Amino acid sequence: MLAATGYDLAHLELSPPTSGFAMTSSLGPTSLISADQIKKYVSVSDAHSVAGEVLRGLALGKVEMPAKVTMNLAGYGLKAWNTAMPAYIESLKASGFKWVGGFADNRTVHGLPYLIATILVQDSLTGYPLAIMDGVHLTNVPTGAVTGVAVQRYARRVPHRVGFVGAGATAR
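Residues numbered from 1 in each chain as written. Predicted model: local features only at pLDDT ≥ 70, side-chain atom pairs only at ≥ 80, totals over all residues. Heavy atoms only, no water.

A. Fine view of the pattern of salt bridges. Under the criterion given, the structure shown has three salt bridges. Note that Arg 56 is salt-bridged to Glu 53, the shortest N-O span being 2.6 Å. One end of the pair, Arg 56, and the other, Glu 53, are both in helix 2 (residues 44-60), three residues apart, so they sit about a helical turn from each other. The partly exposed category is assigned to Glu 53, whose relative accessible area is 49%. In this structure, the salt-bridge partner of Lys 79 is Asp 105, at a minimum N-O distance of 3.0 Å. (Salt bridge = Lys/Arg side-chain N within 4 Å of Asp/Glu carboxyl O. Helix = DSSP H or I, 4+ residues; strand = E, 2+ residues; numbered from the N terminus. Buried < 20%, exposed > 50% of the residue type's maximum accessible area, 1.4 Å probe, protein only.)

Put into structure tokens, the structure is as follows:
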């Protein structure tokens with residue numbers, strides 16, 4: 001398993017390291033996985049399954065997910081925030097973290113999405129970075145999937161209506 005998301009990403013056509021970055025070990029080179037690669041191989045259905053497994057793991061003490069650490073950069077004149085989100089999933093022997101941030105001027109000034117996210121997955125025994133992945137899709141899709149798992153688990157067996165409230169790409 002390459003990713004803490006539970007997907008075997010070994011079949012991806014991975015981007016070679018660029019700009020002189022070439023880190024290798026007996027575990028192989030660090031893979032750079034693009035947004036397009038993630039979108040191609042990670043579906044909403046997959047995210048729903050993994051969200052259920054992770055929530056079960058949390059309940060059983062098999063997943064370590066410390067509190068998020070957030071920096072608000074407004075005090076420095078920036079309309080931005082960043083959050084670090086570490087995790088360990090025992091069944092996958094995978095650990096890593098997501099670094100995600102919101103940048104208010106991205107769309108209008110830079111032509112980028114508001115939300116920017118990067119995920120680092122490491123070998124849990126050595127700390128060696130196995131993959132560096134674009135994390136936007138892996139932020140938006142599972143966020144909705146967790147809500148779906150909760151509705152499936154706690155809603156009446158035959159709900160007449162289900163409403164979701166959200167913002168931006170996560171709501172879509």
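B. Just the nonpolar core, in detail. Of all hydrophobic cores here, the largest spans eight residues; its members are Ile 33, Ile 38, Val 42, Ile 119, Val 121, Ala 131, Met 133 and Leu 138. Mapped onto this core, the elements with two or more residues apiece are strand 8 (115-123) and strand 9 (129-134). The residues contacting Ile 119, other than those within four sequence positions of it, are Phe 97, Lys 98, Ala 131, Ile 132, Met 133, Gly 135 and Leu 138. The next biggest cluster of nonpolar side chains, apart from the first, holds six residues, and it includes Val 50, Val 54, Ile 89 and Leu 92. (Core = buried A, V, L, I, M, F, W, Y, C linked by side-chain atoms within 4.5 Å. Contact = heavy atoms within 4.5 Å.)

C. Molecular detail of helix 2. Compared with an ideal rise of 1.5 Å per residue, which puts 17 residues at 24 Å, helix 2 spans 24 Å between its outermost C-alpha atoms and is within 8% of the ideal. Ala 47, Val 50, Ala 51, Gly 52, Val 54 and Gly 57 are the residues of helix 2 that are buried. Immediately beyond the C-terminal end of helix 2, within one or two residues, lies Gly 61, with a positive phi of roughly 75 degrees. (Expected span 1.5 Å × (residues − 1).)

From the geometry alone we can't say anything about function, so treat these as descriptive.
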